[in-house]
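# Fold and geometry: a report
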Amino acid sequence: SSLVSVLILGKRQDFHKHHGEAPYSSLPIACIGASLLWTGWFGFNGGSALASGGLAIHAVMNSQLAASICSCCFLGMSMFRTGRPSIIAVINGAIAGLAGITPAAGYISLGWGMLLAIAIAITSHIAMFFVKHKWQIDDALDVSCVHGVPGLIGAIWIGLFANTEVGGSLDGAVYGGGGKLMGAQVLACVIAALWSGFWTYVIMKATSLVIPLRVTDAAERAGLDLFEHNEVAWLVEKVTPTTSFAVVPIRQGDAKSRGTFHEDQENENLEELIRSRAILVVESKEAHEARVSSPLLRERDSNINNDLASTRSSMNRSVLRVNRSKLDEDNGGYGNGA
């Protein structure tokens, strides 16, 4: 379903510029969401036994082990690839482990569950490389690679390592069950993929006849919170000409190293930092005065305002506008506010 959806929608803006890895909005909120998922997953994996007993406990243990091991594998592979530990890799690994162990949690032993987690980490990373970097498919949340591929691996794993001493009525191929269970699992995966892919296509095409599936480029730039709901995700104090502000570094680094920009720095670099949420830039009083006194900058601001107005003329809320111009330090450029 996710692959069909993204193929119909197409790529987001700047997909190639970010090499398929668009900046996240809020890492703390992502961690909270992943923690809620991880906790809730025990409910439907353990609860699938429909009783509080040994099988439910076994499913919960398999779930916890798979999530923990897979997240560690994701972290290790991320560090090997980039040289830095990544909390996003930990989150993706935990979700992939949980998604992959779900079909098999009540049918395989804990040992095979741990090996399954390692297999999931490897196959998910391979899938992400092909989907995003080789085939240039913009699956924003890696649903096909972090949910779809692990789910398929977990379902097929049952055909190999299912054990009636754990649960179920058929043994996998490793335990003398032959190919009967494996054949059934593979067939079920193919049917489920074709069924969901076909009906996702039908639903997407039918929806496109009623409402557009994509917003305009200008709306995508401005953000859907603002364009669709006339609201902003992050509330900040309104900037006025009589208020002085400075650049606020959001990630690691002090204000001097991350919050001050000089004439010789490229504007593209500054825009990239803003887009990646590395810094929050607000105008100082001097910067505002320099901007409004420059005919060239006034013309640029007018063009920006016209582009925003064309996306939603009814918007009337006060929105913090980020000034990305290169200003002379003597006129109060970036980092020289109060």
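Presented here is a report on the structure given in the accompanying data block.

## Regarding the overall build of the chain
Of the regular secondary structure elements, the chain holds 13 helices and two strands. The buried share of the chain, taken over its 338 residues, is 32%. Looking at the chain alone, contacts between residues at least 24 apart form 69% of all its contacts between residues at least 6 apart. For the chain, the exposed area adds up to about 19300 Å²; of that, 63% sits on carbon and sulfur atoms.

## Comments concerning the pattern of salt bridges
Throughout the structure, instances matching the rule amount to three salt bridges. A salt bridge links Arg12 to Asp138; its shortest N-O distance comes to 2.8 Å. On the criterion of sequence distance, the pair formed by Arg12 in the loop between α1 (2–9) and α2 (27–46) and Asp138 in the loop between α5 (110–134) and α6 (143–161) is long-range, its members being 126 residues apart. Note that Lys132 is salt-bridged to Asp142, the shortest N-O span being 3.1 Å. Of this pair, Lys132 sits in helix α5 while Asp142 sits in the loop between α5 and α6, placing them 10 residues apart in sequence. Asp142 shares its class with Lys132; the two are buried.

## As for the nonpolar core
In this structure, Cys70, Phe74, Ala96, Ile101, Ile108, Leu116 and Trp157 are the most contacted members of the largest nonpolar core, which totals 33 residues. Residue assignment for this core shows that the elements contributing at least two residues are α2, α3 (54–82), α4 (87–101), α5 and α6. If we ignore the near neighbours within four places in the chain, the residues touching Cys70 are Gly93, Ala96, Gly97, Ala117, Ile120 and Ala121.

## Describing the layout of surface pockets
Considered as a void within the structure, the second largest pocket measures approximately 630 Å³ in volume. Lining the second largest pocket are 22 residues; nearest its centre among them are Ser1, Leu3, Gly148, Leu152 and Ala193. For the lining of the second largest pocket, the per-class residue count stands at 15 nonpolar, seven polar and no charged.

## With respect to the side chain of Asn92
You can see Asn92 is positioned in helix α4. Judged by relative accessible area, Asn92 falls into the buried class, the value being 18%. Those residues in contact with Asn92, other than ones at most four positions away along the chain, are Phe74, Asp142 and Val146.

## Points about a nonpolar patch on the surface
Judged by side-chain polarity, Leu115, Ile118, Ile122, Ile126, Phe129, Phe130 and Trp135 come together as a nonpolar surface patch covering roughly 670 Å² of accessible area. With respect to the secondary-structure elements, Ile122 resides in helix α5.

## Details of the packing of α1 against helix α7 (residues 180–208)
One way to put it is that α1 packs onto α7 with a least axis distance of 8 Å and a crossing angle of 35 degrees. Judged by the twist between their axes, the crossing of α1 over α7 is right-handed. Along the contact surface, α1 presents Val4, Ser5, Ile8 and Leu9, while α7 presents Gly197, Thr200, Tyr201 and Met204.

## Here's the deal with the environment of Ala34
The residue Ala34 is located in helix α2 in this model. For Ala34, a relative accessible area of 12% translates into the label buried. With 56 residues separating them in the primary sequence, Ala34 and Val90 have C-alpha atoms 9.6 Å apart.

## Some points on the packing of aromatic side chains
Applying the stated rule across the entire model yields seven aromatic pairs. Taking the centre distance of 5.2 Å and the plane angle of 45 degrees together, the rings of Trp41 and Phe44 count as tilted. In this pair, Trp41 and Phe44 are both assigned in helix α2, three residues apart and thus about one turn of the helix distant. Residue classification places Phe44 among the partly exposed positions, given a relative accessible area of 42%. Members of the aromatic cluster, each reached through a chain of ring pairs, are Trp112, Trp157 and Phe161.

The rules behind these values
Residues numbered from 1 in each chain as written. Predicted model: local features only at pLDDT ≥ 70, side-chain atom pairs only at ≥ 80, totals over all residues. Heavy atoms only, no water. Helix = DSSP H or I, 4+ residues; strand = E, 2+ residues; numbered from the N terminus. Buried < 20%, exposed > 50% of the residue type's maximum accessible area, 1.4 Å probe, protein only. Contact = heavy atoms within 4.5 Å. Areas by Shrake-Rupley, 256 points an atom, 1.4 Å probe, with all protein chains shown as cover. Salt bridge = Lys/Arg side-chain N within 4 Å of Asp/Glu carboxyl O. Core = buried A, V, L, I, M, F, W, Y, C linked by side-chain atoms within 4.5 Å. 1 Å grid on protein atoms, 1.4 Å probe; cavity = no way out; pocket = protein on both sides within 12 Å on 5 of 7 lines; lining within 4 Å. Points joined across faces, edges and corners; volume = space filled by probe spheres on them. Nonpolar A, V, L, I, M, F, W, Y, C, P; charged D, E, K, R; others polar. Patch = residues over 30% accessible without salt bridge, like charges linked within 9 Å, V, L, I, M, F, W, Y side chains within 5 Å. Axes fitted to C-alpha atoms, helices over the stretch in contact; angles between N-to-C directions. Left-handed = near helix turned anticlockwise from the far one by under 90°. Phe/Tyr/Trp six-rings, centres within 6.5 Å; stacked < 30°, edge-to-face > 60°.

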